[in-house]
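Examining the three-dimensional arrangement
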Amino acid sequence: MEDPDLQVFSLYGLSASLLVLGQHEKAAQLARECLAISQSVGHAWGISSAHRVLGLADQRFAQVARTHLEQSLVWSRQLGYAQGVVYALTALGKLALGEGDARAARAHLTDSLKLANELGDRLEMLHCLEEIAQTQRVERGVQVAGAAAALRDALGARPVPHEHDRLTDWSERARHSLGEKVFAEYW
């Protein structure tokens, strides 16, 4: 029998990579395999991580996605895996934002931002700020988005294509709403 830890870490790594590449169905398939193996051997990190990928892979079914993300959060907290808590909270915030629930999104993302700051995870802080910007009044959102852009530049981090497109769309709507001059002042 192969080493279950190696299987869990490999399947998770591949599923997370496919998720970033926008190949959600393949990511979900590997995450389901990861979850099954993790559950069969009681691998808490694998269970938490597989649930997170499954929650992110298909957000078309919000309740199913939310259930996976909440399970990821529970398992991460039980394990004392603070980074997993950050990731789950960010994902729950993104899901709530996609559903139009700015209040819930802001609550999850603010909690994630605070914990990411405590952990010194500037990249996840960046992700939280980009999402929080979309939960604010447009003027405040543009200020937060400007801060996120400065952090992104400082880190030399490039957004993945589907995230870049979504953030650009939001930014263009804000620019149109405020006008170029006012947008630039808030930015």
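See the structure shown above.
Residues numbered from 1 in each chain as written. Predicted model: local features only at pLDDT ≥ 70, side-chain atom pairs only at ≥ 80, totals over all residues. Heavy atoms only, no water.

**Here we look at the overall build of the protein**
Secondary structure assignment for the protein yields 10 helices and 0 strands. Ordered by position from N to C terminus, the α and β elements of the protein give α-α-α-α-α-α-α-α-α-α. Whereas a compact globule of 187 residues would reach a radius of gyration of roughly 16 Å, the protein reaches 17 Å, a difference of no more than 12%. For the protein, the spread of C-alpha atoms along the principal axes amounts to about 65 × 30 × 30 Å. A buried classification covers 45% of the 187 residues belonging to the protein. Pairs at least 24 apart in sequence give 55% of the contacts found in the protein among residues at least 6 apart. (Helix = DSSP H or I, 4+ residues; strand = E, 2+ residues; numbered from the N terminus. Rg over C-alpha atoms; globule rule 2.2 N^0.38 Å. Buried < 20%, exposed > 50% of the residue type's maximum accessible area, 1.4 Å probe, protein only. Contact = heavy atoms within 4.5 Å.)

**Things to note about the side chain of H51**
Summarising the element assignment, H51 is placed in helix 3 (residues 44-57). Non-local contacts of H51, meaning those with residues more than four positions away in its chain, are made with L35, H68, L69, Q71, S72 and W75.

**Examining the nonpolar core**
Residues L73, L113, L129, I132, V142 and W170 are the most contacted members of the largest nonpolar core, which totals 34 residues. At 9 residues, the largest contribution of residues to this core is made by helix 5 (residues 82-98). Discounting residues that sit within four places of it in the chain, W170 has contacts with A133, Q134, G141, V142 and A145. Counting 20 residues, the second largest nonpolar core, distinct from the first, contains V8, A27, L30 and A50. (Core = buried A, V, L, I, M, F, W, Y, C linked by side-chain atoms within 4.5 Å.)

**Quick notes on the packing of aromatic side chains**
Tallying each qualifying case throughout the model produces 4 aromatic pairs. Aromatic pair W45 and Y81: ring centres 6.4 Å apart, planes at 55 degrees, arrangement tilted. One end of the pair, W45, is in helix 3; the other, Y81, is in the loop between helix 4 (62-79) and helix 5, with 36 residues separating them in the sequence. For the pair W45 and Y81, one class covers both residues: buried. Both rings, one in F183 and one in W187, keep their centres 5.5 Å apart while their planes meet at 25 degrees; by these two values the pair is stacked. By relative accessible area, which is 3% here, F183 ends up buried. Given the relative accessible area of 43%, W187 is considered partly exposed. Of the aromatic side chains, those joined through ring pairs into one cluster are F9, Y12, W45 and Y81. (Phe/Tyr/Trp six-rings, centres within 6.5 Å; stacked < 30°, edge-to-face > 60°.)

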